Each structure stands twice: as structure tokens, then as C-alpha cells.
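Inside the fold
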Amino acid sequence: MAELWLMFSGAFLAATLLPGGSEALLVGLIADQDSQWLQLVIVASIGNTLGSITSYYLGRLGRFARTPEDLAAARYRHSVGLVRRYGVWSLLLAWMPLIGDLLCLLAGWLKLPLISSSVLIFIGKSIRYLVIAALTLQFI
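Read on for an overview of the structure.

Cut-offs applied
- Residues numbered from 1 in each chain as written.
- Predicted model: local features only at pLDDT ≥ 70, side-chain atom pairs only at ≥ 80, totals over all residues.
- Heavy atoms only, no water.
- Helix = DSSP H or I, 4+ residues; strand = E, 2+ residues; numbered from the N terminus.
- Buried < 20%, exposed > 50% of the residue type's maximum accessible area, 1.4 Å probe, protein only.
- Areas by Shrake-Rupley, 256 points an atom, 1.4 Å probe, with all protein chains shown as cover.
- Polar contact = N/O pair within 3.5 Å; in protein donor to acceptor, adjacent residues only side chain to side chain.
- Phe/Tyr/Trp six-rings, centres within 6.5 Å; stacked < 30°, edge-to-face > 60°.
- Contact = heavy atoms within 4.5 Å.

Glancing now at the overall build of the protein. A tally of regular secondary structure across the protein gives seven helices and zero strands. Sequence-ordered secondary structure for the protein, helices as α and strands as β, is α-α-α-α-α-α-α. Residues counted as buried form 42% of the 140 residues belonging to the protein. Just so you have it, the protein exposes about 7,800 Å², and 70% of that area is on carbon and sulfur atoms.

Below is the structure:
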């Protein structure tokens, strides 16, 4: 049970703007408790999704601090264009390093629907964790 809480909190923190490597934690826990791989994947997916929803809400709050001109700056231009072009579907990429946190922030800033955003974030993150688990189980 302690492993599941560790996985949840590690995945949650890794999805917020704090740096973290939930993938390495998942690999280590699966190597130690391979019979719990599915529970670990589920808990990691939920924790990481909830962390991304935190970023989504920070984006909503950020509407008070950033203007559209700020987000159109070169630093954010590619991500803003991606979210504006593909809308909520761009959140399937929320699992990606560097760009994923920004996509979630922008989704909140652009007021994309919370339910569909959450579902697509969860799907993308679950697929990532399933792939990591499958690769880990083949090597242990």
C-alpha cells in the first residue's frame, strides 16, 4: 500500500510545474513489486492527471496575470498555436516532457472544457505509463 501512495504522490508532483521523474519511480516500483504493476499504472495515471489538472487551474488563474499578447510571444507561440489548432485534442500530448505542462496551462488559460480536457489528459498519460510498464516487465 505504501508503494501506491508513493507512486501517486510522485506522479502528482511530476505533473505540476515541479520537476520530477515519475517514470523512473514507476520502473523502480514495478521492478520491486511486479505483481502490482497494473495498480501502479492506474495510480500513476490518476496522480499525474490530477497534477495536470492543477496546472490547468493555474492557467485559469493566469488569465488575470497574462494578456493574449504575452502568450503570443515567441516562447509560447508554438504551444499556443497547437492548442488553438487542435483544441482539447492537443491534451493527448500532455504526457510529453517540457511541452505537456505548458499545454495544460494553456488549456486552462483558453478555458477549454474541464471534463473533456481531463479525459484526454488521462488517456495520454495512461498510455505512456502502460508502455513504460510493458517495457519494464519485459526486462525484469
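That covers the picture; the talk isn't over yet.
Residue placement: N48 occurs in helix α3 (residues 37-62). What makes N48 buried here is its relative accessible area of 2%. Of note is the side chain of N48, whose polar atom sits 2.8 Å from the side chain of R128. Polar side-chain contacts of N48 include one of 3.3 Å to the side chain of Y129.

This brings us to the packing of aromatic side chains. Here the structure, examined in full by the defined rule, presents three aromatic pairs. Ring plane angle 80° and centroid distance 6.1 Å describe the contact between W5 and F8, whose orientation is recorded as edge-to-face. With a gap of three residues between them, W5 and F8 both fall in helix α1 (residues 2-15), about one helical turn apart. Centroid distance F8 to F12: 6.4 Å. Interplanar angle 20°. Geometry classified as stacked. Here F8 and its partner F12 are both found in helix α1, four residues apart, which amounts to about one turn of the helix.

On to the side chain of R128, then. Topologically, R128 is positioned in helix α7 (residues 114-139). A distance of 2.9 Å separates polar atoms of two side chains, one belonging to R128 and the other to Y129. Setting aside chain neighbours within four positions, we find R128 in contact with S22, E23, N48 and W95.

Keep in mind these values describe shape, not function.
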